[in-house]
Amino acid sequence: MSDHFAAFSFVDRITAFEPGVRGRARFAVPGGIGAFPACLVAEAVGQLAAWIAMARIDFRGRPVAALATETIFHGDVAPGSSLELEVEIESCDEDAVAYGGGAYVDGARVIELKDCLGPMLPVQEFDAPEALRERFGLLCAAGAPGGRFRGVSVPSLIELDGVAGQSARALLQVPQSAPFFADHFPRRPVFPATLLLDSQIRLAMDLARTAIGRVTTTPLVPRRMTHVKMRSFIAPGQAVELGAELVAGDGVAARTVRLSATCDGRVVATARLDVGAGAG
Amino acid sequence: MANTEITKEEIQAVFPKVAETMADALGCDVEDVKLDVSLIEGLDAESIDFLDMVFRLERAFKIKIPRGKIIENARGDMPEAEFEQKGVLTEAGLAQLRTYLSEIPAERFGNPMKVADIPRLFTPETFCKLVIHAQREAQAAA
């Protein structure tokens, strides 16, 4: 099976859409994978927005992840779940798409994206426009066969120095090759922003647990991510230094972590993560 | 609508919210966002930050700001071919830009000046004007 439209594609069937306005879709999370982290749920919502936006401009451009003002994590998604995706397009033209959306499992919201913006780049730099057009037709008709996604091998983090309970640093070595690069994107492999965010969340949660985990009897969870800004692409094989710093929060057991990602001394991504006690 | 019609009072009226929005986008203290600071050279803004600032200003002021609106506003009614040629401002285009960005000291304008370098001139005041223009256009359309 080709990895294109499989290794990092999270829309099986578009069930309803108005070009450039809104859309709904489904994705069946394969049961055989180890986990389906929240960042991939966000990726699924973003991919639905990308399909609706690309169709609006007849696949001349494709949006790339750039800004996500607020992402609220409502619940986990277990392998084997059926995701219902929805997006509302605020604006869409040849330059950018602005949107919000969410995902549901059995009617319960699991994630909410607010005020996201993706600049449109020439589609032919990333993929074959005719292949995307054909795929969109399939997604809107019978839908793609399920079970294509085989999970993703998340790069491990190498711990660097930090200040105990205050900040942490880690090295993320992006693999030179991985199945998802064939899908994201075939003509220009880019490390997915959502996988970077997943790594940043892991680093932030480790920091938060050491800093405030002992003052709460329920496990800490990521509640909300804000100010996500992707400044440049991360290529296969690049070394990314991740930074996490605890800043003021709204209570002893609820804190904000300021996140950064740097390549060759240049900041490539920033975000903030609100961490707090889970439902228990 | 001509830039000269924007008063200092109008700019001061929107500046606090513009400064707050920009500080949030740039991750800096609001006190660092002076009316006349260069966004690129003084506050390290990059192209993605401009996109972010415009996106935030749209929501903060409930206005629409099309991409490239600052340069479009600067050009005004002047035909594009008179404003710039092959990515470089003409003499007339440069004079038009100086009039529009009247708050920018003359020595900061290049001559010749590439259209791509215009954002290097931008200050928070430039964005205050952008907001005021958008507000006026929205009122005119209502």
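Residues numbered from 1 in each chain as written. Chains lettered and ligands numbered in written order. Predicted model: local features only at pLDDT ≥ 70, side-chain atom pairs only at ≥ 80, totals over all residues. Heavy atoms only, no water.

What follows covers the domain arrangement of chain A. Residues and elements named next belong to chain A. The domain architecture assigned to chain A consists of domain 1 (13–140) and domain 2 (157–277). Carbon and sulfur atoms supply 59% of the area that domain 1 and domain 2 bury against each other, a total of about 1800 Å² over both sides. Across the contact surface, domain 1 and domain 2 share two salt bridges. Measuring nitrogen to oxygen at the nearest pair gives 2.8 Å for the salt bridge that ties Arg 224 to Glu 70. The tally of links between domain 1 and domain 2 comes to ten residue pairs in polar contact (both at pLDDT 80 or more). Residue composition of the side of domain 1 that touches domain 2, by class: 14 nonpolar, three polar and five charged. (Domains from an automatic or database assignment. Buried area = accessible area lost by both parts, 1.4 Å probe. Salt bridge = Lys/Arg side-chain N within 4 Å of Asp/Glu carboxyl O. Polar contact = N/O pair within 3.5 Å; in protein donor to acceptor, adjacent residues only side chain to side chain. Nonpolar A, V, L, I, M, F, W, Y, C, P; charged D, E, K, R; others polar.)

Attention shifts here to the interface of chain B and chain A. Across the boundary between the two partners, chain B contributes twelve residues, which contact 18 residues of chain A. Around 1300 Å² of area is buried between chain B and chain A when both sides are counted, 51% of it from carbon and sulfur atoms. Put simply, chain B and chain A have six salt bridges between them. The partner of B:Arg59 in a salt bridge is A:Asp115, and the shortest N-O contact between them spans 3.1 Å. (Contact = heavy atoms within 4.5 Å.)

Counting 87 residues, the largest nonpolar core has A:Phe36, A:Trp51, A:Leu83 and A:Leu196 as the members making the most contacts within it. Among the elements that line this core, the one with the most residues is helix H1 (residues 38–56) of chain A, at 13 residues. Looking at which domains feed residues into this core, each of domain 1 (13–140) and domain 2 (157–277) of chain A supplies at least three. Residues B:Met22, B:Val33, B:Leu43 and B:Ile118 belong to the second largest nonpolar core, which totals 45 residues. (Core = buried A, V, L, I, M, F, W, Y, C linked by side-chain atoms within 4.5 Å. Buried < 20%, exposed > 50% of the residue type's maximum accessible area, 1.4 Å probe, protein only. Helix = DSSP H or I, 4+ residues; strand = E, 2+ residues; numbered from the N terminus.)

What follows covers the environment of A:Met205. Residues and elements named next belong to chain A. In this structure, Met 205 sits in helix H3 (residues 193–212). Distance in space between the C-alpha atoms of Met 205 and Val 275 is 7.5 Å, their sequence separation being 70 residues. Not counting residues within four places of it along the chain, the set of residues in contact with Met 205 comprises Leu 220, Val 221, Pro 222, Leu 273 and Val 275.

Here we take up the packing of aromatic side chains. All names here are of chain A. Per the stated rule, a full pass over the model turns up 19 aromatic pairs over all chains. Between Phe 8 and Phe 180, the ring centres sit 6.1 Å apart and the planes meet at 55 degrees, which makes this aromatic pair tilted. With Phe 8 in the segment before strand S1 (13–18) and Phe 180 in the loop between strand S9 (167–173) and H3, the pair connects residues that are 172 residues apart, well separated along the chain. When its relative accessible area of 1% is taken as the criterion, Phe 8 is described as buried. When its relative accessible area of 3% is taken as the criterion, Phe 180 is described as buried. With 6.0 Å between their ring centres and 25 degrees between their planes, Trp 51 and Phe 136 make a pair best called stacked. Here Trp 51, found in helix H1, pairs with Phe 136, found in helix H2 (residues 129–140); they are 85 residues apart in sequence, far enough to count as distant. Residue classification places Trp 51 among the buried residues on the basis of a relative accessible area of 8%. Ring pairing ties together the aromatic residues Phe 8, Phe 10, Phe 27, Phe 36, Phe 149, Phe 180, Phe 181 and Phe 191, which thus form one cluster. (Phe/Tyr/Trp six-rings, centres within 6.5 Å; stacked < 30°, edge-to-face > 60°.)

Our focus in this paragraph is unusual backbone geometry. Each neighbour pair has its own omega, and for A:His184 with A:Phe185 the value is 10 degrees, a cis peptide bond. Relative to the helices and strands, A:Phe185 resides in the loop between S9 and H3. The peptide bond linking B:Asn111 to B:Pro112 adopts the cis configuration, its omega dihedral lying at 5 degrees. Within the fold, B:Pro112 resides in the loop between helix H5 (91–100) and helix H6 (124–141). Even without a glycine there, the phi angle at A:Phe5 is positive, about 60 degrees. Within the secondary structure layout, A:Phe5 lies in the segment before S1. A residue is classified by how much of its surface remains accessible, and A:Phe5, at 12% relative accessible area, is buried. Phi at A:Phe59 takes a positive value of approximately 60 degrees, unusual for a residue other than glycine.

Scanning all chains against the criterion turns up 31 salt bridges over all chains. With its nearest N and O atoms 2.5 Å apart, the salt bridge here joins A:Glu18 to A:Arg22. Judged by relative accessible area, A:Glu18 falls into the partly exposed class, the value being 38%. On the basis of relative accessibility, which here comes to 34%, the residue A:Arg22 falls in the partly exposed class. Linking A:Arg22 and A:Glu88 is a salt bridge whose minimum nitrogen-to-oxygen distance equals 2.9 Å. Taken together, the residues span a long stretch of sequence, with A:Arg22 in strand S2 (residues 22–28) and A:Glu88 in strand S5 (residues 82–92) at a distance of 66 residues. A relative accessible area of 43% means that A:Glu88 is categorised as partly exposed. Beyond isolated ion pairs, a larger network of salt bridges with shared partners links A:Lys229, A:Arg231, A:Arg266, B:Asp24, B:Glu46, B:Asp49, B:Asp52 and B:Arg56.

When the pLDDT values of chain A are averaged, the result is 93; 96% of them are 70 or greater. For chain A, the element scoring lowest by mean pLDDT is strand S11 (residues 239–251) of chain A, at 86; S2(A) scores highest, at 98. (pLDDT = per-residue confidence, 0-100.)

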